[in-house]
4 protein chains.
Amino acid sequence: MNVDEKYFSNITSRERAIFEGAISMGALFHQFVGTPVNKNTKEGLEKSMEDSLKLQPAIEDVEVKIRFDKLEESMTEFDYTSLNGDMLDVRIYTKVENVKAVIRIEFIEELNYPLMYVENIED
Amino acid sequence: MNVDEKYFSNITSRERAIFEGAISMGALFHQFVGTPVNKNTKEGLEKSMEDSLKLQPAIEDVEVKIRFDKLEESMTEFDYTSLNGDMLDVRIYTKVENVKAVIRIEFIEELNYPLMYVENIED
Amino acid sequence: MNVDEKYFSNITSRERAIFEGAISMGALFHQFVGTPVNKNTKEGLEKSMEDSLKLQPAIEDVEVKIRFDKLEESMTEFDYTSLNGDMLDVRIYTKVENVKAVIRIEFIEELNYPLMYVENIED
Amino acid sequence: MNVDEKYFSNITSRERAIFEGAISMGALFHQFVGTPVNKNTKEGLEKSMEDSLKLQPAIEDVEVKIRFDKLEESMTEFDYTSLNGDMLDVRIYTKVENVKAVIRIEFIEELNYPLMYVENIED
């Protein structure tokens, strides 16, 4: 089966670059939020999140940064906390044909919300 | 702050309708896969998944169907199983300005994969 | 196969009542943290969490209360937020032979931590 | 506050070793099931699961093995799959005072179920 032809011929390459990156960003957030983390495991967890999401279709690269300030803010008596969305600063890079998109999540203070948006797209 | 103007003026309404639906579909999958479920709780879980995801930006409606055949296939000695992606048959309806999109996930036998794609989009 | 005899004869009924409740409490937390929620969907989500966890072995009842004050504290510009551990006030009731246990999670201000503990156990 | 005295004086060290290991096993399952994985990321994911769960109270060590046969069984056209419970072969080692416990999850063919049980406990 030609998956692209059968399921994706109704959208442009630009739209698909956005589509695939958005799926992976929603996936990343809801898969990993809740994971126990502290400053010692932060880096390993970032790497594991990156490697997991890079497996999904059209994903070229993933850069995960768990914000240290937000991590410390929610630190508990037990020297670890649960990963939450406010800690996430992530860029997912997708490529479909000649189109490259960057999907971003970052915490926006004014909205008290970790916003996902298309940071860049070019063809 | 005008969020739309600041963060979304670089993409079209059509692209944003796809973007928001794709995020919510990735979210739904990775949030709920693993949940204990059987035929008695199936309907309640479907409703809860729908209501949760309808809260996200630009989502007009969500229809979740947990496939009974796939549920039964993975049934255990303990009369329940864990929700997995193959059981999911979901449509997420988004609306951005005059554009309406339907994002779908369904298990495709030939790919052995629960595929997410844009089932319909119109402006 | 006699599961109890083969896998659980090395622990007492009291220990198993604790064991099964603790599994389900860990499960509940890590399954549902991250779920989109607001005051309108709070009750439905509580019910769905209860019904899902009641399926697990030895669970007699589950009472989930999502704390409204904590929910409001983390409310965003978009009229919903993600469920986090600090919002959880949950009791899981288990029964193994003649032993009944209550496993509890509640946020403890002094620890800045949602603590899981055995609230009551009797034989 | 003396947490142990206030919240855990109603159970024995043996019971608490079981309690803490069971929480972490429930947590591990429901946190990580759904994660994209293939043979290349398997090892990194195992490590990340181990390191995350080792942060929780009373956990001395965690050994995660993602079963390669089960991984291959559910492999898709896209060269990755979602982690499911049947793939998990995990031991969590806890220590409370002089008591050491090993909590295990492994897939039991006869039950079609990834069973969690106390593999060993000694004081």
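Here, the structure is the one placed above.
Quick caveat, the model's predicted, so the values are computed rather than measured. (Residues numbered from 1 in each chain as written. Chains lettered and ligands numbered in written order. Predicted model: local features only at pLDDT ≥ 70, side-chain atom pairs only at ≥ 80, totals over all residues. Heavy atoms only, no water.)

K.L.:
What is the right way to look at the relation of the copies chain B and chain A in this model?
P.N.:
What relates the two chain copies is a rotation about an axis together with a slide along it. You can overlay chain B on chain A at an RMSD of 0.0 Å; the transform is a turn of 180° with a shift of 0.0 Å along its axis. Both copies are brought into coincidence by an operation consistent with a two-fold rotation axis. Comparing interface residues between copies, 100% of those in chain B also lie at the interface in chain A; the contact surface is shared. (Least-squares fit on C-alpha atoms with pLDDT ≥ 70 in both. Contact = heavy atoms within 4.5 Å.)

K.L.:
Quick question: what am I supposed to make of the packing of helix α2 (residues 13–32) of chain B against helix α3 (residues 42–53) of chain B here?
P.N.:
For any two helices packed against each other, the geometry comes down to the angle between their axes and how far apart the axes lie. All names here are of chain B. Running from N to C, α2 and α3 point in directions that differ by 140°, and their axes come no closer than 11 Å. It follows from the interaxial angle that α2 and α3 lie oblique. The hand of the α2/α3 crossing is right-handed. On α3, the residues touching S24, A27, L28 and F32 of α2 are L45, M49, S52 and L53. Residues of the contact of α2 with α3, tallied by class, amount to six nonpolar, two polar and no charged. (Axes fitted to C-alpha atoms, helices over the stretch in contact; angles between N-to-C directions. Helix = DSSP H or I, 4+ residues; strand = E, 2+ residues; numbered from the N terminus. Parallel < 35°, antiparallel > 145°, perpendicular 65-115°, else oblique. Left-handed = near helix turned anticlockwise from the far one by under 90°. Nonpolar A, V, L, I, M, F, W, Y, C, P; charged D, E, K, R; others polar.)

K.L.:
Can you help me understand the interface of chain B and chain A in this one?
P.N.:
By convention, interface size is frequently given as the accessible area that disappears when the constituent parts associate. Tallying the contact residues gives 30 residues for chain B and 30 residues for chain A. Summing both sides of the interface, chain B and chain A together bury roughly 2800 Å²; the carbon and sulfur share of this comes to 66%. Counting the surface chain B buries against chain A, the share from its top three residues, Y7, F19 and H30 of chain B, is 21%. Joining chain B to chain A, the criterion identifies two salt bridges. Among the elements of the structure, α1 (3–8), α2, β5 (99–108) and β6 (113–122) of chain B are those that each provide at least two residues to the side of chain B that touches chain A. A per-element tally of the side of chain B that touches chain A places α2 of chain B first, with 10 residues. Of the residues assigned to the side of chain B that touches chain A, the class counts are 20 nonpolar, five polar and five charged. (Buried area = accessible area lost by both parts, 1.4 Å probe. Salt bridge = Lys/Arg side-chain N within 4 Å of Asp/Glu carboxyl O.)

K.L.:
Honestly, the packing of aromatic side chains in this entry has me stumped. Any pointers?
P.N.:
Remark: the centre distance and the inter-plane angle together describe each pair of aromatic rings, the angle taken between the planes. Applying the stated criterion to the full structure yields 16 aromatic pairs over all chains. For the pair F78 of chain A and Y113 of chain C, a centre-to-centre distance of 4.3 Å together with 40° between the ring planes defines the contact as tilted. Of this pair, F78 of chain A sits in the loop between α4 (68–73) and β3 (81–82) while Y113 of chain C sits in strand β6 (residues 113–122), each in a different chain. A ring pair is formed by Y7 of chain C and Y117 of chain D, whose centres lie 4.8 Å apart and whose planes are at 55°; its orientation type is tilted. (Phe/Tyr/Trp six-rings, centres within 6.5 Å; stacked < 30°, edge-to-face > 60°.)

K.L.:
Can you walk me through the interface of chain A and chain C in this structure?
P.N.:
The interface of chain A with chain C comprises 18 residues on the first partner and 18 residues on the second. Each partner contributes to the roughly 1300 Å² buried at the junction of chain A and chain C, and carbon and sulfur atoms together form 61% of this total. Scanning the region where chain A abuts chain C turns up eight residue pairs in polar contact (both at pLDDT 80 or more). For the side of chain A that touches chain C, the secondary structure elements donating two or more residues are α2 (13–32) and β6 (113–122) of chain A. Broken down by class, the residue content of the side of chain A that touches chain C amounts to nine nonpolar, six polar and three charged. (Polar contact = N/O pair within 3.5 Å; in protein donor to acceptor, adjacent residues only side chain to side chain.)

K.L.:
Looking at this structure, how should I read the sheet that holds β6 of chain C?
P.N.:
Either a parallel or an antiparallel arrangement is found when strands of a sheet pair, and the pairing is made through backbone hydrogen bonds. Residue and element names in this part refer to chain C. Sheet architecture is open: four strands sit in the order β2-β4-β5-β6, paired in antiparallel fashion. Here the strands that pair on one side only, and so sit at the sheet edges, are β2 (59–66) and β6. Between one strand axis and the next, the sheet turns by 15° as a mean value, whatever way the strands run. The sheet contact formed by strand β5 (residues 99–108) and β6 spans nine bridges and is antiparallel. Among the inter-strand pairings, I105 is bridged to a residue of β6, identified as M116. Along the sheet, helix α2 (residues 13–32) makes contact with β2, β4 (88–96), β5 and β6, crossing β4 at roughly 145°. (Pairing = 2+ DSSP bridges.)

K.L.:
Sorry if this is basic, but what is going on with the pattern of salt bridges here?
P.N.:
Summed over the entire model, instances satisfying the criterion amount to 53 salt bridges over all chains. Note that D51 of chain D is salt-bridged to K54 of chain D, the shortest N-O span being 3.8 Å.

K.L.:
So what exactly am I meant to see when it comes to the relation of the copies chain A and chain C here?
P.N.:
Between chain A and chain C, which share one sequence, the superposing operator has a rotation angle of 180° and an axial displacement of 0.0 Å; the RMSD is 0.0 Å. The fraction of interface residues of chain A whose copies in chain C are also interface residues reaches 100%, indicating that both copies meet through the same surface.

K.L.:
Just to check I follow, could you spell out the side chain of T35 of chain A for this structure?
P.N.:
Looking at the secondary structure, you find T35 of chain A in the loop between α2 and β1 (36–37). Here F32 of chain A takes part through its backbone oxygen, which lies 2.6 Å from a polar atom of the side chain of T35 of chain A. Not counting residues within four places of it along the chain, the set of residues in contact with T35 of chain A comprises L45, T81, S82 and L83 of chain A together with Q31, F32 and S52 of chain D.

K.L.:
I tried to follow α3 of chain B on my own but got confused; where do I start?
P.N.:
Think of an α-helix as 3.6 residues a turn; residues three or four steps apart then line up on the same face. Its 12 residues give α3 of chain B an end-to-end C-alpha distance of 17 Å, which sits within 8% of 16 Å, the value for a rise of 1.5 Å per residue. For α3 of chain B, the complete set of buried residues consists of K42, L45, E46, S48, M49, E50, S52 and L53 of chain B. (Expected span 1.5 Å × (residues − 1). Buried < 20%, exposed > 50% of the residue type's maximum accessible area, 1.4 Å probe, protein only.)

K.L.:
Which parts of the structure should I look at to understand the sheet that holds strand β6 (residues 113–122) of chain D?
P.N.:
All names here are of chain D. In space, the four strands of this open sheet follow the order β2-β4-β5-β6, with antiparallel pairing throughout. Pairing within the sheet leaves two strands with one partner each, and these edge strands are β2 (59–66) and β6. Adjacent strand axes in the sheet meet at a mean angle of 15° when their direction is disregarded. Strand direction decides the pairing type here: β2 and strand β4 (residues 88–96), joined by seven bridges, are antiparallel. In the sheet register, I66 faces β4, and the bridge partner there is L88.

K.L.:
What is the right way to look at unusual backbone geometry in this model?
P.N.:
Excluding glycine, a negative phi dihedral is what most residues carry, and trans is how most peptide bonds are arranged. All names here are of chain D. One non-glycine residue with positive phi stands out, namely D79, at about 60°. In this fold, D79 is placed in the loop between α4 (68–73) and β3 (81–82). At N112, a residue that is not glycine, the phi angle is positive and equals roughly 50°. Inspection of the secondary structure assignment puts N112 in the loop between β5 (99–108) and β6.

K.L.:
Help me out: how do you make sense of the pairing of β5 of chain D in this one?
P.N.:
On any regular strand, side chains alternate: one points to one face of the sheet, the next to the other face. Residues and elements named next belong to chain D. Summarising burial for β5: eight of the 10 residues are buried, a large majority. By the bridge criterion, seven bridges tie β4 to β5 in an arrangement that is antiparallel. Residue pairing in the sheet places V96 in a bridge with V99 of β5. Linking β4 back to β5 in an antiparallel pair, the connection comprises two residues, with E97 at a positive phi of about 55°. Hairpin connection of β5 to β6: four residues between the antiparallel strands, including N112 at a positive phi of 50°.

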